[in-house]
Amino acid sequence: MKLPFAIAEITCLMLFATASAPQLSATETKTPAASIDRLYRVDCGHSLANDESVWTPGENKGKSIEFSSTCYLIQHGGEYIMWDTGVPESAIGDPNGWSTLPKLIVYHLDKTISSQLAEIGLKPADIDYVVVSHTHGDHIGNVGLFPDATVVMQQAEYEWINSPPPSDPNLNTLVQLARKLLGHPRRLALVTGDVDLFRDGSVRLLSTPGHTPGSQSLMVHLAKTGYVILSGDVAHLEDNFERDIVPALNVDKPESISSMDRIKEIMREFNAQLFINHDKHQADGLKLLPDYYD
Ligand SMILES: [Zn+2]
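Here is a short report on the structure shown in this document. Computed from a predicted model, the values in this text were never measured in an experiment.

### Regarding the overall build of the chain
For the chain, the count of helices and strands is eight helices and twelve strands. Looking at the chain as a whole, 58% of its 294 residues are labelled buried. Across the chain, every contact between residues at least 6 apart in sequence was considered, and the portion connecting residues at least 24 apart equals 69%.

Written out as structure tokens, the structure is:
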């Protein structure tokens, strides 16, 4: 496969290569994990889709549904990590909104990430890592806001958006938009599989392919709250997750079901909660920056 530039040039920052970070399995011997200091939920937009059945095939045809778009800010000592970057800041206050697939879904943004970081005395330049769950536009809309951060994503995801585009017109549109929004980060760390980001068990990337080839979720450990898994788009709704329902706009259905099952196993093993990015009903009940989980 021909990439726009050699992988070797951009993987010089493969800081977290998985050689010493084997896949996390539910039967892993548990060693006491360190904790992150704080987990903040950042409001990264909301959307209205005109046909819920795209996310629940065979059910809810023609019914509209509202989704949340959520990013998270993780504080690990003096280091800060953004998990996903949401709807582009240029959409702020635009009554027409912004869209990845205009015939299906329109996003609105009420607050920028920058203004929310400012509420707790931070600016985009203070962010050390931007970890991307996958490359759909509503997750990478503001990667360009963090030019000094190291962007961390799965190598499979990077290769996918730089391969010949998918034949499905909607997936094709999403891939073209992904290339544009991701651009060429100055610092890019491409990883494979699960990664223990700080090698202390406090922040773990969990490989959950299916929605896209390099989709990932993220699990953090907090001293008081315990383990929390941030879904990425391994599932869009709690009900989908519970019933193994896979949206129509998806790359690999069996892989998506395996990834949901894998998250369920890890939740049982670590007694973890799952925060589902787009489940508005659930997200509305979670703490929002400046409040935080610790
Ligand atoms: Zn997605």
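Still more to cover.
### Points about helix H7 (residues 253–270)
Compared with the 26 Å implied by 1.5 Å per residue over 18 residues, the 26 Å span of H7 between its first and last C-alpha is a close match. Within H7 the residues assigned to the buried category are Ser256, Ser259, Met260, Arg262, Ile263, Lys264, Ile266, Met267 and Phe270. Where the residues of H7 are buried, they touch strand E9 (203–207), strand E10 (216–222), strand E11 (226–230), helix H6 (238–243) and strand E12 (273–275). The opening residue of H7 is Asp252, an N-cap whose side-chain oxygen sits 3.0 Å from the backbone nitrogen of Glu255. Within two residues after H7, Asn271 carries a phi angle of roughly 50°, on the positive side.

### A few points about the nonpolar core
Leu73, Met82, Ile113, Ile127, Val130, Phe146 and Leu182 are the most contacted members of the largest nonpolar core, which totals 47 residues. Considering each element in turn, this core owes the most residues, seven residues, to helix H5 (residues 169–182). Excluding anything up to four places from it in sequence, Leu182 contacts Ile140, Val143, Val151, Met153, Tyr158 and Ile161.

### What to know about the coordination of the zinc ion
Looking at the zinc ion, the protein donor atoms are His134 (NE2), His136 (ND1), His211 (NE2) and Asp233 (OD), and they sit 2.2 to 2.3 Å from it. Given a relative accessible area of 8%, His136 falls into the buried group.

### A short note on the sheet that holds E10
One open sheet holds the five strands; their spatial order is E8-E9-E10-E11-E12, and the pairing between them is mixed. Since the sheet does not close on itself, it has two edges, and those belong to strand E8 (195–196) and E12, each with one partner. With five bridges joining them, E10 and E11 adopt antiparallel strand pairing. Paired with Val220 across the bridge in E11 is Val228. Against the sheet, H7 engages E9, E10, E11 and E12, with an angle of about 150° to E9.

### Quick word on the sheet that holds strand E3 (residues 79–83)
In space, the seven strands of this open sheet follow the order E4-E1-E2-E3-E5-E6-E7, with mixed pairing throughout. Each edge of the open sheet is held by one strand with a lone partner, namely strand E4 (105–108) and strand E7 (188–191). Each strand axis lies, on average, 25° off the axis of its neighbour in the sheet, ignoring direction.

Rules of the game
Residues numbered from 1 in each chain as written. Predicted model: local features only at pLDDT ≥ 70, side-chain atom pairs only at ≥ 80, totals over all residues. Heavy atoms only, no water. Helix = DSSP H or I, 4+ residues; strand = E, 2+ residues; numbered from the N terminus. Buried < 20%, exposed > 50% of the residue type's maximum accessible area, 1.4 Å probe, protein only. Contact = heavy atoms within 4.5 Å. Expected span 1.5 Å × (residues − 1). Polar contact = N/O pair within 3.5 Å; in protein donor to acceptor, adjacent residues only side chain to side chain. Core = buried A, V, L, I, M, F, W, Y, C linked by side-chain atoms within 4.5 Å. Donors = N, O, S within 2.8 Å, 3.2 Å for Na, K, Ca; no water. Pairing = 2+ DSSP bridges. Axes fitted to C-alpha atoms, helices over the stretch in contact; angles between N-to-C directions.

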